[in-house]
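Understanding the architecture of this molecule
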There are 2 protein chains.
Amino acid sequence: MTANLVGERRTFVTHLECSLTGERYEADKLQGLSAAGRPLLVRYDLEAAGGALRREALEARPTDLWRWRELLPVRRTENIISLGEIETPLIPIPRSGGTNVLVKDEGRLPTGSFKARGLVMAVAMAKELGVKRIAMPTNGNAGAALAAYATRAGIETLVLCPSDTPEVNVREIAAQGARVYRVNGLIDECGAIVGIGAAEGLWFDFSTLKEPYRIEGKKTMGLELAAQLGWRLPKAIFYPTGGGTGLIGMWKAFDELEQLGWIGSERPKMFAVQASGCAPIVKAFEDGVEHAERWENAHTVAAGIRVPKAVGDFLILRAVRESGGAALAVEEDDIVRATADSAAMDGLLLCPEGGATLAAYRNALEAGLVSATDDVVLFNCATGLKYPLEDRSAVLDKNALPDLAEL
Amino acid sequence: MTANLVGERRTFVTHLECSLTGERYEADKLQGLSAAGRPLLVRYDLEAAGGALRREALEARPTDLWRWRELLPVRRTENIISLGEIETPLIPIPRSGGTNVLVKDEGRLPTGSFKARGLVMAVAMAKELGVKRIAMPTNGNAGAALAAYATRAGIETLVLCPSDTPEVNVREIAAQGARVYRVNGLIDECGAIVGIGAAEGLWFDFSTLKEPYRIEGKKTMGLELAAQLGWRLPKAIFYPTGGGTGLIGMWKAFDELEQLGWIGSERPKMFAVQASGCAPIVKAFEDGVEHAERWENAHTVAAGIRVPKAVGDFLILRAVRESGGAALAVEEDDIVRATADSAAMDGLLLCPEGGATLAAYRNALEAGLVSATDDVVLFNCATGLKYPLEDRSAVLDKNALPDLAEL
């Protein structure tokens, strides 16, 4: 346990704000979507926060997620829950990517994915606000993170996932103390069921962006990246985009860091990466519209980005456009090839969604959207160990050894 | 990438030494076992190292494994290879373990296990010493770590594993660029085949403790633990013991830290944890002998500790006895129960070998070998995600929803 988990520190949350209308909401009570049906964003008194926390003091703290406490919503230290939210490493992939490509390996977080960032924060806030029962739709990794943290916080949890969710996810959710249901539908259809129960008062709805705090946890990706790179941001970020909380969160983090005076006004080009079998944000980006339509017959090997409809679509599109980036769709074959290349050439096993970012980077390079001299960060959102790998072993009989020189 | 990976730093290796006879061997050439057929230990000029690296300077460095460079054997920075060897977190498990129990979660390392520590060091040294081809027997995780690092170092690799090695291990080894063979035998029989090929000059033998550097990587567990706990060691350490490199390595680390004056002479009780279906070290411990006999018909769900015969047996036994600890065998049912409890009660998914340490801790508590007020560290050596979990999901039909209040 690090000092970040036990130290009493001030919180600087002032209020919540509708991401569409700017309408103010009270911070210290349970909130879902705004009256306009849009995500609520947490706002801070950043001037006061910057007075209380100098960059040098931040740098002297242990590097885990809770080092950012003054920029996070949890008020009381006793509500912090933790399974070891370490700072995730940046790993070069010179052969499969290029000499200026770093992978931020989010698979090292608790429960093996970046979902831990959002859920540790949301569950801590649920604890702070007295929530007793949570339900959430998931494509797998979010459910695993929720289960682990909710169990730790003593909160009862139900998780609904598409029937073909990666098997290990379904099982780890149950092992970590949540009830898990397989639904004959996609994640938004699971979400609809969760919504019905929430309206009936059966549980609190933890769907992506339907409560205000997952985004605050996810924004630590942006905070952390800036600190790791010496308060300089990369030229481009490739981010696997389902619900898009992380992309929206990083964009928010960069603004907060600039207001603190810790970084300048430069921003990375933000690339929202989707699979061609489920690319609603890409379509909306290309069509020049602000909201995305539901993607019908969504399919991709990258289960985590199989999200036909994202409630934060306009926030994703706004960040991508303001940054001068793009929303890019990649083919299934390219996802598989990129994932295989990273492992076989650089020894780094990515998840398919991480592989998708490498595939998108390669395409962007070819299309001239980025140059090989640009420093680029790809987000590997989960450990590659959760996904099926090919069996390429051979058999050796100890009782009838071949000529070993031929192995 | 951290400053530890690129900074030029001095090395203080003086020589290698036979762990049985104390005979000296030259450091800067390729070495296997000693003439006595025993592991070689790396020796340092610790007085000079302590002069070059003050504790305060060490504390100011990024916390990854390479912060310990002055206590590691790699001479040239260009030979460092890395996939992000972060400092692994210490996670309390108050409900399934107790209020003074911390789990060191080694599953967060590259390729999801503590094997990364040993193999990153051994492969870096193989690179430094010009090795072109490596072969190794494995129960799974070591092979995965070797494959990833050797691929990164551009070294060709063959891995031999028992046919019933966890499926994900066999597959990740191949995905990460090594050739992998399933052998109808246990790990020592795989090792025998590797030995034959090594004798024929076909490859360099990377078996546990048969080259001198894996132990140097593994000793960072002890260095790191001391740093994390503020240069105070816990009362007891429970370590899942197959080949035992980590236990031997930590014991060596504590001595080196004492010689540096960074810790005192107190030591934790070292508990070597084995499964009752493969407990050669436990038998030798109980029989009061210095070497262990091969364990016949070895079997356990905890594949990583299914090691019938360990070349470093006497070193494990020596550390355990000097420390006032014990070698403990745990039943399969207790391993399964402890693993399930940690996940369901504390949200922490352990690997079976990690579960074995929790089971052993519970037994030791009952037997009075440790007390509930002792601070204790359990080693979870790999991510629990690599092992099969039970399916405890239910089905929900979106077209025929039940009363949601009954979920």
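Residues numbered from 1 in each chain as written. Chains lettered and ligands numbered in written order. Predicted model: local features only at pLDDT ≥ 70, side-chain atom pairs only at ≥ 80, totals over all residues. Heavy atoms only, no water.

Now for the nonpolar core. Of all hydrophobic cores here, the largest spans 132 residues; its most connected members are A:Trp66, A:Phe206 and B:Phe238. Filtering out sequence-adjacent residues up to four positions away, A:Trp66 remains in contact with A:Asn4, A:Leu5, A:Arg9, A:Leu72, A:Val74, A:Ile80, A:Ile81, A:Ser82, A:Glu85, A:Val120, A:Met121 and A:Ala124. With 130 residues, the next largest nonpolar core counts B:Met121, B:Leu146, B:Val170 and B:Leu257 among its residues. (Core = buried A, V, L, I, M, F, W, Y, C linked by side-chain atoms within 4.5 Å. Buried < 20%, exposed > 50% of the residue type's maximum accessible area, 1.4 Å probe, protein only. Contact = heavy atoms within 4.5 Å.)

A separate point is the packing of aromatic side chains. Taken as a whole and assessed by the stated rule, the structure comprises 14 aromatic pairs over all chains. Considering the side-chain rings of A:Phe238 and A:Phe271, the 4.4 Å spacing of their centres and the 10° angle between planes classify their relative orientation as stacked. On the criterion of sequence distance, the pair formed by A:Phe238 in strand 10 (residues 236-240) and A:Phe271 in strand 11 (residues 269-275) is long-range, its members being 33 residues apart. Taking relative accessible area as the criterion, A:Phe271 reaches 1% and is therefore assigned buried. Ring geometry for B:Phe238 against B:Tyr361: centres 5.7 Å apart, planes inclined by 90°, an arrangement best described as edge-to-face. One end of the pair, B:Phe238, is in strand 10 (residues 236-240); the other, B:Tyr361, is in helix 14 (residues 352-366), with 123 residues separating them in the sequence. (Phe/Tyr/Trp six-rings, centres within 6.5 Å; stacked < 30°, edge-to-face > 60°. Helix = DSSP H or I, 4+ residues; strand = E, 2+ residues; numbered from the N terminus.)

This part covers the packing of helix 5 (residues 141-153) of chain B against helix 6 (residues 167-175) of chain B. Residue and element names in this part refer to chain B. The interhelical angle for the contact between helix 5 and helix 6, taken along N-to-C directions, is 15°, at an axis separation of 8 Å. In terms of their interaxial angle, helix 5 and helix 6 are classed as roughly parallel. Regarding helix 5 and helix 6, the two cross each other, and that crossing is left-handed. Taking contact as the criterion, the partners of Asn141, Gly143, Ala144 and Ala147 in helix 5 are, on helix 6, Asn169, Glu172 and Ile173. When grouped by side-chain class, the residues that make up the contact of helix 5 with helix 6 number three nonpolar, three polar and one charged. (Axes fitted to C-alpha atoms, helices over the stretch in contact; angles between N-to-C directions. Parallel < 35°, antiparallel > 145°, perpendicular 65-115°, else oblique. Left-handed = near helix turned anticlockwise from the far one by under 90°. Nonpolar A, V, L, I, M, F, W, Y, C, P; charged D, E, K, R; others polar.)

Reports of interface size often rely on the accessible area that becomes lost once the parts have come together. Residue and element names in this part refer to chain A. With domains assigned, chain A is organised as domain 1 (1-80), domain 2 (90-112 + 219-385) and domain 3 (114-212). Placing the centre of domain 1 and that of domain 2 at their C-alpha centroids yields a distance of 24 Å. Here domain 1 packs against domain 2, burying approximately 1800 Å² in sum over the two surfaces, 71% of which is carbon and sulfur. When the buried area of domain 1 at its contact with domain 2 is split by residue, Leu46, Arg55 and Trp68 rank highest and sum to 35% of it. The tally of links from domain 1 across to domain 2 stands at one salt bridge. (Domains from an automatic or database assignment. Buried area = accessible area lost by both parts, 1.4 Å probe. Salt bridge = Lys/Arg side-chain N within 4 Å of Asp/Glu carboxyl O.)

Let us look at the UniProt feature "domain: Tryptophan synthase beta chain-like PALP" (unreviewed entry) in chain A. Feature annotation in UniProt assigns "domain: Tryptophan synthase beta chain-like PALP" (unreviewed entry) to the following positions: residues 81-381 of chain A. Annotated as 43% helix and 16% strand, the span residues 81-381 of chain A places its first and last C-alpha atoms 21 Å apart. (UniProt positions renumbered as here; feature names shortened; annotations may be inferred.)

In this section: the environment of B:Ala236. Residues and elements named next belong to chain B. With respect to the helices and strands, the residue Ala236 is situated in strand 10. Ala236 gets classed as buried once you look at its relative accessible area, which sits at 0%. Separated by 34 residues in sequence, Ala236 and Met270 place their C-alpha atoms 5.9 Å apart. If sequence neighbours within four positions are ignored, Ala236 has contacts with Pro268, Lys269, Phe271, Val370, Asp375, Val376 and Val377.

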